[in-house]
Amino acid sequence: MMRMVRSVLALLFAAAVLYGMQHTRPLYSDITSPIVSSGGMNKRVQASAFVLSLDSARVARVLNVETFGKSKTYTSSGVWVVVEGEAEAKFETLRLTSGEWLSGSGIRYVLTDRLPATIEMMPGDAYQPGLPRRVLLVFEVPEEAVAGGTVVVARTKLLPLDDEIRITTDVSGKDIEPAITIRRNEERPPWTVLPQR
């Protein structure tokens, strides 16, 4: 009888351990998620492969783009978020191809593809070690996604366990400008955002 009680207790203990392991183990998406480095505006945030700093984040209802003597106006059912900063590779030439706006509620919005490639927005440029380059990110988001937003930049979304930098912006839903103009320059920096502050 005692042997049967021990067997039942051992079986119950094993079931409890397995149940606990099943409900406390991390999900596969957590195990293979990017390695995140976080920071705020006007700070150099370093990941293992690249460095990013953002110095300006502006929100507008209308976006004007001037390139090669032509001007085009872009409207949206939401608002435009225009973010400027500087990126630099640390050890080898690399491209940053993934940029997202992470709203305060956790919804992600990717970079817009509505603007012409002549503006030299991210993605596109190659970044070199020791040579910081200006970076321009433009997002089209709903107005309620602006406050508490975070810019998320990575080399690519396809590589698990790769670097990802998250920079919390200081914009609020009350700082919306009527219009912003992005003008292409012939020299560096490759664009100017108007009106300048």
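Residue indices follow the written sequence of each chain, beginning from 1 at its first position. Totals for whole chains, interfaces and linings use all residues, but because this is a predicted model, local features are given only for residues with pLDDT of at least 70 and pairs of side-chain atoms are given and counted only at 80 or more. Side-chain figures throughout are based on the complete set of non-hydrogen atoms in the structure, without hydrogens or water.

Along the protein chain, the regular secondary structure elements total 2 helices and 14 strands. Within these notes, the globule rule equals 2.2 Å times the number of residues to the 0.38 power, and the radius of gyration is based on C-alpha atoms. For the protein chain, the C-alpha radius of gyration of 23 Å lies well beyond 16 Å, the compact-globule estimate for 197 residues. Overall, the C-alpha framework of the protein chain stretches about 95 × 40 × 25 Å when taken along its three principal axes. Only protein chains enter the accessibility calculation, which uses a 1.4 Å probe. A residue is then buried if its area is under 20% of the maximum for its type, exposed if over 50%, and partly exposed in between. The buried share of the protein chain, reckoned over its 197 residues, is 42%. Positive residues here are Lys and Arg, negative ones are Asp and Glu, while His and the chain termini are left out of the count. For this purpose, a charge sits on NZ of Lys, CZ of Arg, CG of Asp or CD of Glu. Of the side-chain charges in the protein chain, 23 are positive and 22 negative, and the distance between the mean point of each set is 6 Å. Each helix corresponds to a stretch of at least 4 residues labelled H or I by DSSP, and each strand to a stretch of at least 2 residues labelled E; elements are numbered beginning at the N terminus.

A separate point is empty space enclosed by the protein. The definitions used throughout rest on a 1 Å grid laid over the protein atoms alone, on which a cavity is an enclosed set of points accommodating a 1.4 Å probe that cannot get out and a pocket is an open set flanked by protein within 12 Å on both sides along at least five of seven lines; lining residues are those having an atom within 4 Å of a point. Grid points are joined across faces, edges and corners, and a volume is the space filled by probe spheres set on the points. A full pass over the atoms with the stated rule returns 1 cavity of 30 Å³ or more. Here the largest cavity is characterised by a volume of approximately 30 Å³. Considering the residues around the largest cavity, the lining is formed by Arg 44, Val 51, Leu 52, Ser 53, Glu 86, Ala 87, Glu 88 and Pro 132. For the lining of the largest cavity, the elements supplying multiple residues, two or more each, are strand E3 (50-67) and strand E5 (79-89).

Attention now moves to the sheet that holds strand E7 (residues 98-102). Reading across the sheet, the 5 strands line up as E1-E12-E11-E7-E8 and stay open at both edges, with mixed pairing between neighbours. One side of each edge strand has no neighbouring strand; the edge strands of this open sheet are strand E1 (35-40) and strand E8 (108-110). Neighbouring strand axes in the sheet, compared pairwise and without regard to direction, differ in orientation by 25° on average. Only strands that DSSP links by at least two bridges are regarded as paired with each other. The sheet contact formed by strand E11 (residues 150-154) and strand E12 (residues 163-168) spans 5 bridges and is antiparallel. Looking across to E12, one finds that Val 152 is bridged to Arg 166. All axes here are fitted lines through C-alpha atoms, helices being fitted over the stretch that makes contact, and every angle between N-to-C directions spans 0 to 180 degrees.

Below, the discussion takes up the environment of Val 110. Inspection of the secondary structure assignment puts Val 110 in strand E8. Through-space distance from the C-alpha of Val 110 to that of Met 4 is 61 Å; in sequence the pair is 106 residues apart. Between two residues, a contact is recorded if the distance between any of their heavy atoms is within 4.5 Å. When sequence neighbours within four positions are dropped, the list of residues in contact with Val 110 reads Gly 99, Glu 100 and Phe 139.

This brings us to helix H1 (residues 2-24). The terminal C-alpha atoms of H1, which comprises 23 residues, lie 33 Å apart, in line with the 33 Å expected from a rise of 1.5 Å per residue. The element H1 is barely covered by neighbouring structure, given that only 0 of its 23 residues are classed as buried. Expected helix span is taken as 1.5 Å per residue step, with the number of steps being one fewer than the number of residues.

So, on to a nonpolar patch on the surface. There is a patch of nonpolar side chains on the surface, built from Met 1, Met 2, Met 4, Val 5, Val 8, Leu 9 and Leu 12 and spanning about 790 Å² of accessible area. By the secondary structure assignment, Met 4 is in helix H1. A patch is a set of surface residues, each over 30% in relative accessible area and not in a salt bridge, joined within 9 Å for like charges and within 5 Å for the nonpolar side chains Val, Leu, Ile, Met, Phe, Trp and Tyr. Under the convention used here, a 1.4 Å probe and the Shrake-Rupley method define accessible areas, while residue burial counts only the protein chains that appear. For salt bridges, the criterion is a side-chain nitrogen of Lys or Arg within 4 Å of an Asp or Glu carboxyl oxygen.

Of note, Ser 105 is situated in the loop between E7 and E8. Expressed as a C-alpha distance, the spacing of Ser 105 and Ala 145, which sit 40 residues apart in the sequence, is 7.6 Å. Polar side-chain contacts of Ser 105 include one of 3.0 Å to the side chain of Ser 103. Nitrogen and oxygen atoms within 3.5 Å of one another constitute a polar contact, given that in protein one can donate a hydrogen and the other can accept it, and given that sequence-neighbouring residues count only through two side-chain atoms.

Opposite charge on two side chains lets them pair, provided their charged atoms get close. For the structure on display, the rule yields 13 salt bridges. With a shortest N-O distance of 3.6 Å, Glu 92 and Arg 155 are connected by a salt bridge. Of this pair, Glu 92 sits in the loop between E5 and strand E6 (94-95) while Arg 155 sits in the loop between E11 and E12; the two residues are 63 residues apart in sequence, bridging distant segments of the chain. Residue classification places Glu 92 among the partly exposed positions, given a relative accessible area of 48%. A salt bridge links Glu 164 to Lys 157, with the shortest nitrogen-to-oxygen separation between them at 2.9 Å. Overall, Lys 157 belongs to the partly exposed group, its relative accessible area being 41%.

A few words on the nonpolar core. Definition of nonpolar core: a set of buried residues of the types Ala, Val, Leu, Ile, Met, Phe, Trp, Tyr and Cys, connected through side-chain atoms within 4.5 Å. One finds Phe 50, Leu 52, Val 83, Trp 101, Leu 137, Phe 139 and Val 141 to be the most contacted residues of the largest nonpolar core, which totals 33 residues. Elements with a contribution of two residues or more to this core: E3, E5, strand E10 (133-141), E11 and E12. Among residues more than four places away in sequence, those in contact with Leu 52 are Lys 43, Arg 44, Val 45, Glu 86, Ala 87, Val 135, Val 153, Ile 165 and Ile 167.

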